Structures are given as C-alpha cells and as structure tokens.
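Each chain, letter by letter, is given below.
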Amino acid sequence: MKNVSVQSLKRQCIDLKKKVITMVYKAQSGHPGGSLSAADFVTALYFREMDIDPQNPNWEDRDRFVLSKGHVCPIQYAALAARGYFDEKALDTLRQEGSMLQGHPDMKKCPGIDISTGSLGQGLACGVGMGIAAKRDNKDYRVFVVVGDGECQEGEIWEAAQTAHKYQLDNLIVFVDNNNLQIDGITDEVMPNIHLGKKFEAFGFDTYEINGHDMQEIVDTLERIKMTRNGKPKCIFANTVKGNGVSYMENECCWHGVAPNKEEYEMAIKELDEQLEMC
C-alpha cells in the first residue's frame, strides 16, 4: 500500500483510460464502456490500496484482486502494465492470438492475474474461496472483487454472498460497478435488480454507497473499511457511468463491446488529454 495523493490518483486514472481506449482501438475489439466505468476504483486499488509486489506476482501474502466482470480486463491490463508487471508494449497485443492479454483475464498467461474470469457470476465465489483460505491459514491479506450490476442477476452471486456471511469474511471487499447498463440494454429493463446495494446489506454485508467516480470518496471509504474488522464482508456499491470520461460513450449501451474507429479514437484521446490538463 502507498500513501498516494488523490490528485495523483485522478491523473493516473485518466492515463489508464487513455490506455484502455488505445488498446481497444488497436485491437478493434474489446469492451471500453465497462472498463471506463470501473477505472476510478481500479486505479485506487492498484496504486494506493492493495498490498502487492509487481516484482513478485505470486507473493503468498499479497492482497488478491478478482475481476469477476472479466470482459473489462483492458482496465486491469492497463493498471498491471503501469505498475510494472509487464512491459507496456504488450498492451498493443490485446486479443491477439498467442498474446498474454486475452479477451478475458488468464492467470496462466498474464502475471498479476489472481484468477481467470469471464463466465459472469463466478468471480465472487472464487473471491470467497480466497477469503476462506486466508482465514484458515491465519493470513492477513484481503480479497477485492469487482462485479457488475448486470452480473448480479446471476444466482451464483447470491450463493457466494451467503457463504461470505457464514464464514464471517471481513477480509472480503466487493465493488459493485453499478453503471445501469448491460449488453442488452438498461439493467432494470433486462432484469430489475431492485435495491441492489440493500440486497448485499440483507445478505450480511457492511454496505457503503458511493459515487464511483469521486476519487476522494473512494479513498475515504477504503480507509473506513480498513479500520473495520467486525466479522462482516464489505460491499462498496459504486454508482458509475458506463463509458465515463468519453462524452460520446457515456451512458450508451452500444459501447459495451465495440471498438472506436479512427475519428472516434482521436476524439476520445483529445477529451482525455484535456481532462488531464485540467486535473
């Protein structure tokens, strides 16, 4: 963990967003919308909160990170490269045959990936297993899991949540990326989640609702959680905007899994550069 300023995190986040857009543009494939909605809290985790060692990716006592919504791996790859897990040149190989940066995270190919994900609904169960292992081995590491709001329509999410409560996993922190959109449209029109944050609370989680694009609020919430080991798993219910930071992508379902063309790419980078200058 590092004592990194909120201002530095904001700038780092914009840089990661630029990397996401560039990766997806060069690959002409990938998922920019959800990568951008998760960018702020992923930045806070990798550059301030998590106790990790890029020079020793398999360090036994490291904090674990599970990207349950694995299709938004561009934001994780961007963070891993910036932290030094691998050469940033590898970002240009996203989704290419033989690349370590596949369309979903692969723990056997890419250093820094703690679990392969992609089938929605399964990541939280994996995170719960890691949390149980830490408890039984008397280890202090924590497990951070990112799930999507659309993903929370999966039943396995709630089986895992029940298990986290049963085993008193106060070392488990779940981020819900609540951007209100999924591949088929508005989440509540596809399958209403009905007070999703309160659901986690009802399943025994300490739940904190935040603005998922307010870096200060993210940092402050993580600090509060760090001081609370009360036998209850934690849920940070982050209200976000799909495509955040790129005007024409924001709140547009069509950018779930579509790459920008040259004109759109240049527009996105220009907007992000302007934000960086103002930050």
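Per chain, residues are indexed from 1 in the order of the written sequence. Local features in this predicted model are restricted to residues whose pLDDT is 70 or higher, and side-chain atom pairs enter the listing and the counts only when it is 80 or higher, whereas totals over whole chains, interfaces and linings include all residues. The side-chain quantities take in all heavy atoms of the structure and omit both hydrogens and water.

Looking now at the packing of helix α3 (residues 39-49) against helix α4 (residues 73-83). Helix packing geometry: the angle between the two helix axes and the distance between the axes. A fitted line through C-alpha atoms represents every axis, and for helices the fit uses only the stretch in contact; the resulting angles, taken between N-to-C directions, go from 0 to 180 degrees. Helix numbering and strand numbering both begin at the N terminus, where a helix is a DSSP run of H or I of at least 4 residues and a strand a DSSP run of E of at least 2. Here α3 crosses α4 at 30°, and the two axes come no closer than 10 Å. With respect to each other, α3 and α4 are oriented roughly parallel. Every pair of crossing elements has a handedness; the one defined by α3 and α4 is right-handed. Each of A39, V42, Y46 and F47 in α3 lies in contact with α4, whose residues at this interface are I75, Q76, A79, L80, A82 and R83. Polar here means any residue outside two lists: the nonpolar Ala, Val, Leu, Ile, Met, Phe, Trp, Tyr, Cys and Pro, and the charged Asp, Glu, Lys and Arg; Gly therefore counts as polar. Here the contact of α3 with α4 is composed, by residue class, of eight nonpolar, one polar and one charged. Just so you know how the angles are binned, under 35 degrees is roughly parallel, over 145 roughly antiparallel, 65 to 115 roughly perpendicular, and the rest oblique. Each crossing gets its hand from how the near helix is turned against the far one by less than a right angle, where anticlockwise is left-handed and clockwise is right-handed. Working rule for contacts: check all heavy atoms of both residues, and any pair within 4.5 Å makes them a contact.

As a further point, take the UniProt feature "domain: Transketolase N-terminal" (unreviewed entry) in the chain. UniProt positions are given in the numbering used here, feature names are shortened, and annotations may be inferred rather than shown by experiment. Under the UniProt annotation, the feature "domain: Transketolase N-terminal" (unreviewed entry) is placed at residues 20-266. End C-alpha to end C-alpha, residues 20-266 measures 13 Å, and it is 36% helix and 13% strand.

Below, the discussion takes up the side chain of N178. With respect to the element layout, N178 can be found in strand β3 (residues 172-178). Contacts described as polar in this section are N or O atom pairs within 3.5 Å, which, within protein, must combine one atom able to donate a hydrogen with one able to accept it, while residues neighboring in sequence count only if both atoms come from side chains. A polar atom in the side chain of N178 sits 2.9 Å from the side chain of N239. Beyond its immediate chain neighbours, meaning those up to four positions away, N178 contacts D149, L196, F237, A238, N239 and T240.

What follows is about the environment of E223. Examined against the element boundaries, E223 turns out to sit in helix α9 (residues 215-226). For the pair E223 and E49, spaced 174 residues apart in sequence, the C-alpha to C-alpha distance is 8.7 Å. Once residues within four sequence positions are removed from consideration, E223 is found in contact with R48 and E49.

To continue, consider the nonpolar core. Joining through side-chain atoms within 4.5 Å is the link that ties buried Ala, Val, Leu, Ile, Met, Phe, Trp, Tyr and Cys residues into a set, and such a set is a nonpolar core. Using a 1.4 Å probe on the protein chains alone, a residue whose accessible area is under 20% of its type maximum counts as buried, one over 50% counts as exposed, and one in between counts as partly exposed. One finds I21, Y46, F65, Y77, F86 and F175 to be the most contacted residues of the largest nonpolar core, which totals 62 residues. With near-sequence residues (within four places) excluded, Y46 lies in contact with I52, F65, Q76, A79, L80, R83 and G112. Counting 26 residues, the second-largest nonpolar core is a separate cluster that includes M130, I132, I157 and W158.

On to the pattern of salt bridges, then. By definition here, a salt bridge exists when the distance from a side-chain nitrogen of Lys or Arg to a carboxyl oxygen of Asp or Glu is within 4 Å. According to the stated counting rule, one finds 18 salt bridges in the structure shown. A salt bridge links D114 to R62; its shortest N-O distance comes to 2.9 Å. Of this pair, D114 sits in the loop between α4 and α5 (123-136) while R62 sits in the loop between α3 and β1 (64-67), and the two are 52 residues apart along the sequence. Of the two residues examined, D114 and R62, each falls in the buried class. A salt bridge links K270 to E274; its shortest N-O distance comes to 2.7 Å.

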